[in-house]
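The lines below spell out each chain.
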Amino acid sequence: MPRRRQSAASRAVSFEVVEDLDDELVPPGASAEAAAADGSPPAGDVGNGAGEGADVAPRRLGEPASGVGDAPSGGRAIRWKPWTAAAGVLALVVGGLAIGGEIEERRTASRLVASEGGVLPFTGPPRELWSLDLSDRVWMPSGGLLLSQVGVEGLTAVDVLTGNEVWQATVGPDAICGRASTWQPFVQETGPLLCLSGTADAMVVSVLGPEGQVTASRDLGPVDEGSSYAVGPGATVVHVRRDGPVGPPVGPREIYDENGDPTLVDVPGGRGVVVTLQDAVSGDVLWENRVPFVAPDEAWKCQVFSDTPEAELELDKVSSRTTGYVVSVDGCGINAAFDADGTRLDDVTSHDDQVEPLTATTVNRFDWTTQHTTVLDRTGTSLWDVTGPVLRPTATDGTGEDVVVVDTLSGLAAFLPDGTELWDASTYASTLFVHTSAVMVVDDGANGLTAIDPATGRTLWTVPGEDSVYPFGAATDGSQAVVLAHDAGGSARAVGYDLTTGEVLWSGASTESMGLVGYHGALLELSENRVSRVG
């Protein structure tokens, strides 16, 4: 007859510590009272219809269980020892924690690689991991690679983390690849790798695949001193050219000789420009805008800086750059910024403003003359404004993007991206070195460092400055701030600070003419002819 199910209360299990952890198991159907004190099998029914002393054979995966009345199979008895099960559970828990920790480490590493100035964690003074000779070569960062020219038309790509060559390609002479700009040289790439190469008589744009293969190319035609090409947002090319009649004379303006001494010259009028965004492969015009020439208050944008002792003017000089989805155009009498869809984002009444992406949907526009910042959406609609410039972090671990820090000229203030003010403090700062969700590290105006709580503006710690030692750049792995400082003689030294306490964790050796930057998880040491990964 069927067996009656035991109540949970009658199935309490006693644990016993033994030295011989054999493979025998006591079937879960047996009660604690039935188990002998020495661990021997309990007498009576064990759930297979057999009487005392019946053996139970282990069942293979997928094999049906023995029914009531089945003949016992030949084999040794299997006893169930709860401590073995507990050990298995513990192993599963420990293994789960290990896997969870590994997953979290990978997430942290991915976040640091994608963050501006973020580097993978390391301890102690950084040591050289690899080095690349860049004598007489131009190098360009792009998507975790360092690109450099090889020979006349060659291009080589080196993985920034390993230093290994990934691929070589042939793209043409004097290739410039990617969207590196003066303001954000290590901005994350958002489209395919595009390279501009050729001569003034015949420019070419090439599209490169992930293995360096040229997947498409197009002849762009000639360029002159009044026109230029640059890589645009996504898979586009920006073309800027002077166009239209020459305007009235600008009048007397100061320009500067090689010693920095001003000279007053009469500046003639200039021409406006036509800005065109083209599909890199098809050449289709996506949008076109005209920008009129406006007489500059200062003539340095019209000046050629060269080794000649006399100052020279170049009125048709014009260039463009792309930062994220913002296209900026600069030249003599020209200053404009456009969204990727062609919407003009700069203030047409101001000739000295700068526009940069703030978030995926907003930009900040800073007027250098009025020292005023306006935050706009990508249609050009003003959302909120504040006195002073937005301080962009040199380095972040990818956790502090929801706080916008502004140098209000009387202190610091923090805002949410929608303009909600979080706090206003009298702390002085003009440079934001490191920004995480837990701490912001800024300069103190006296060559020292100040750490601030991003949520409250409260000072967490300070590091006094040293005379003639100037903090210059920074990187972070989320737990330490790596700060590079230059002295009056030009030597540089990197120091690691604990982000929680400000304690000096390590101090590197002093070197000549060194730069330091975090790029795609790698801490790069830059000199005149070499780039090295250290960590």
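Residues numbered from 1 in each chain as written. Predicted model: local features only at pLDDT ≥ 70, side-chain atom pairs only at ≥ 80, totals over all residues. Heavy atoms only, no water.

## A few points about the packing of aromatic side chains
- Inspection of the entire model under this criterion finds four aromatic pairs.
- Relative to Phe 338, the ring of Trp 287 lies with its centre 5.3 Å away and its plane at 40°, an arrangement referred to as tilted. Here the residue Trp 287 occupies a position in strand 15 (residues 285-291), and Phe 338 occupies one in strand 20 (residues 334-339), the gap between them amounting to 51 residues. Accessibility classification places Trp 287 together with Phe 338 in one group, the buried group. (Phe/Tyr/Trp six-rings, centres within 6.5 Å; stacked < 30°, edge-to-face > 60°. Helix = DSSP H or I, 4+ residues; strand = E, 2+ residues; numbered from the N terminus. Buried < 20%, exposed > 50% of the residue type's maximum accessible area, 1.4 Å probe, protein only.)

## Regarding the sheet that holds strand 26 (residues 404-407)
- Strand order in the open sheet formed by three strands is 26-27-28, and the pairing between neighbours is antiparallel. Of all the strands in the sheet, just strand 26 and strand 28 (421-425) have a single pairing partner and so form its edges. Mean inter-strand twist for the sheet, computed between neighbouring axes without regard to direction, equals 15°.
- Relative to strand 28, strand 27 (residues 412-415) runs antiparallel, the two being bridged by four bridges. Directly across from Phe 415, in strand 28, lies its bridge partner Glu 421. (Pairing = 2+ DSSP bridges. Axes fitted to C-alpha atoms, helices over the stretch in contact; angles between N-to-C directions.)

## Quick notes on the pattern of salt bridges
- Applying the stated criterion across every chain yields a total of eight salt bridges.
- Close ionic contact of Glu 356 with Arg 392 constitutes a salt bridge, the shortest N to O distance being 2.6 Å. You can see Glu 356 sitting in strand 21 (residues 353-357) and its partner Arg 392 sitting in the loop between strand 24 (382-387) and strand 25 (395-396), a full 36 residues away along the chain.
- Judged by relative accessible area, which is 8%, Glu 356 ranks as buried.
- Among the charged side chains, a salt-bridge network with shared partners connects Arg 241, Asp 243 and Arg 290. (Salt bridge = Lys/Arg side-chain N within 4 Å of Asp/Glu carboxyl O.)

## What about the state of the cysteines?
- Going through the model one piece at a time under the given rule, you end up with two disulfides.
- A sulfur-sulfur separation of 2.1 Å characterises the disulfide bridge that pairs Cys 177 with Cys 195. Its S-S torsion of approximately 110° makes the covalent link between Cys 177 and Cys 195 right-handed. Here the residue Cys 177 occupies a position in strand 6 (residues 176-177), and Cys 195 occupies one in strand 7 (residues 193-199), the gap between them amounting to 18 residues.
- On the accessibility criterion, Cys 195 (0% relative accessible area) is buried. (Disulfide = S-S within 2.5 Å.)

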